[in-house]
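# Architecture at a glance
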Amino acid sequence: MDSRTTPTLGTAAASARDGGRPTAPSRSLRSRRRRPAVLAMSVALIAAGGLGGAVLYNSTGQRIAVLALARDVPYGQPLTAQDLVVARIASDPALAPITASDLSRAVGRRATTDLHRGTLLLAADLTSALVVQPGMQEVGLPVHTGQLPAVGLQLGQQIEIVQLGDSGGGAPQTMNAVVAQTGKGGDNQVIDVAVPPADAVKLAQWAAGGKFQIILAPKAGGAAPSSVPSPAPSPSGSA
């Protein structure tokens, strides 16, 4: 008998003994058939997890250049380039710091609160308007061009307000103030000036009367112009 036909005959005999039913593969054979699929699925999951981790790292680990405080800046003071330093932080949508590329826009603007060294500079920390110092009050003055200096007024400028009403024959009353806001130019406009609370009511009365004049306060360190001496009279007659 040919040995090559023996497995076939043996298989047929075994099938006959089992009533002609096909023989199920063994458990070890089924495990070997499932193992490559399980391994492929595991590799796919590991690859997906690694890709997700890389995306998460890139999104949270990306660093951007922003502005931070190099030293303390008090409330209301304009910022200088020496007040700021560039810092690199991880990008976070919850934060809104001013980027380093906006340095020129930040310099010269005023602090809306006390800024402390080492903190990030936020857009809400700066303003272009004059910040009135704590305890000061703003009073609106209706003015016309004849009550203002010809050079006009600027924010933060020190001025003196002179009352021109009846002062009982005495010297006119004056009051120091700071220009907080300026209205549109023209014959009639309103300017806001900041004064101590003790002067606010009096200044409001001056504003209602309309009899006042605004002059520029003397600049610090300015020297008063010296008068030109008149020539001495020549002696009469000859010696």
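Quantities reported herein were computed from a predicted structural model and do not represent experimental measurements.

With that settled, consider the overall build of the chain. When you go through the chain residue by residue, the secondary structure sums to 4 helices and 9 strands. Ordered by position from N to C terminus, the α and β elements of the chain give α-α-β-β-α-β-β-β-β-β-β-α-β. For the chain, with 239 residues in total, the buried portion stands at 20%. Summed over all atoms, the accessible surface of the chain reaches about 16400 Å², with 58% contributed by carbon and sulfur.

Attention now moves to helix H4 (residues 197–209). Since there are 3.6 residues in each turn of an α-helix, residues three or four apart along the chain are aligned in direction. Taken together, the buried positions of H4 are Ala200, Leu203, Trp206 and Ala207. End-on view of H4: buried residues confined to an arc of 130°, all on one side of the axis. Exposed residues on H4 whose side chains face more than 90 degrees from its buried face are Ala198, Val201, Gln205, Ala208 and Gly209. Summarising the contacts, the buried residues of H4 are in contact with strand S5 (137–144), strand S6 (158–163), strand S7 (174–182), strand S8 (188–195) and strand S9 (212–216). Just past H4, the residue glycine 210 takes up positive phi, approximately 75°.

This next bit is on the pattern of salt bridges. In the structure shown here, the tally under the stated rule is 2 salt bridges. Arginine 71 is paired through a salt bridge with aspartate 83; the nearest N and O atoms lie 2.5 Å apart. Here arginine 71, found in the loop between strand S1 (63–69) and strand S2 (84–90), pairs with aspartate 83, found in the loop between S1 and S2; they are 12 residues apart in sequence, far enough to count as distant. The class of arginine 71 is partly exposed, set by a relative accessible area of 40%.

A word on the side chain of aspartate 125. Topologically, aspartate 125 is positioned in the loop between strand S3 (110–111) and strand S4 (126–127). Although buried, aspartate 125 forms no salt bridge, and the nearest oppositely charged side chain, arginine 109, lies 10 Å from it. Only 3.0 Å separates the side chain of aspartate 125 from the backbone nitrogen of leucine 122, close enough to count as a polar contact. Those residues in contact with aspartate 125 that lie beyond four places of it in its chain are Arg110, Ala111, Thr112, Thr113, Leu115 and Leu120.

Let's shift gears to the side chain of aspartate 83. By relative accessible area, aspartate 83 is classed as buried at 3%. Once you skip the residues sitting within four places of it in the chain, aspartate 83 turns out to touch Ala68, Leu69, Ala70, Arg71, Val73 and Pro78.

Each value, and the rule that gives it
Residues numbered from 1 in each chain as written. Predicted model: local features only at pLDDT ≥ 70, side-chain atom pairs only at ≥ 80, totals over all residues. Heavy atoms only, no water. Helix = DSSP H or I, 4+ residues; strand = E, 2+ residues; numbered from the N terminus. Buried < 20%, exposed > 50% of the residue type's maximum accessible area, 1.4 Å probe, protein only. Areas by Shrake-Rupley, 256 points an atom, 1.4 Å probe, with all protein chains shown as cover. Arc of directions from axis to C-beta. Contact = heavy atoms within 4.5 Å. Salt bridge = Lys/Arg side-chain N within 4 Å of Asp/Glu carboxyl O. Lys, Arg positive; Asp, Glu negative; His and termini not counted. Polar contact = N/O pair within 3.5 Å; in protein donor to acceptor, adjacent residues only side chain to side chain.

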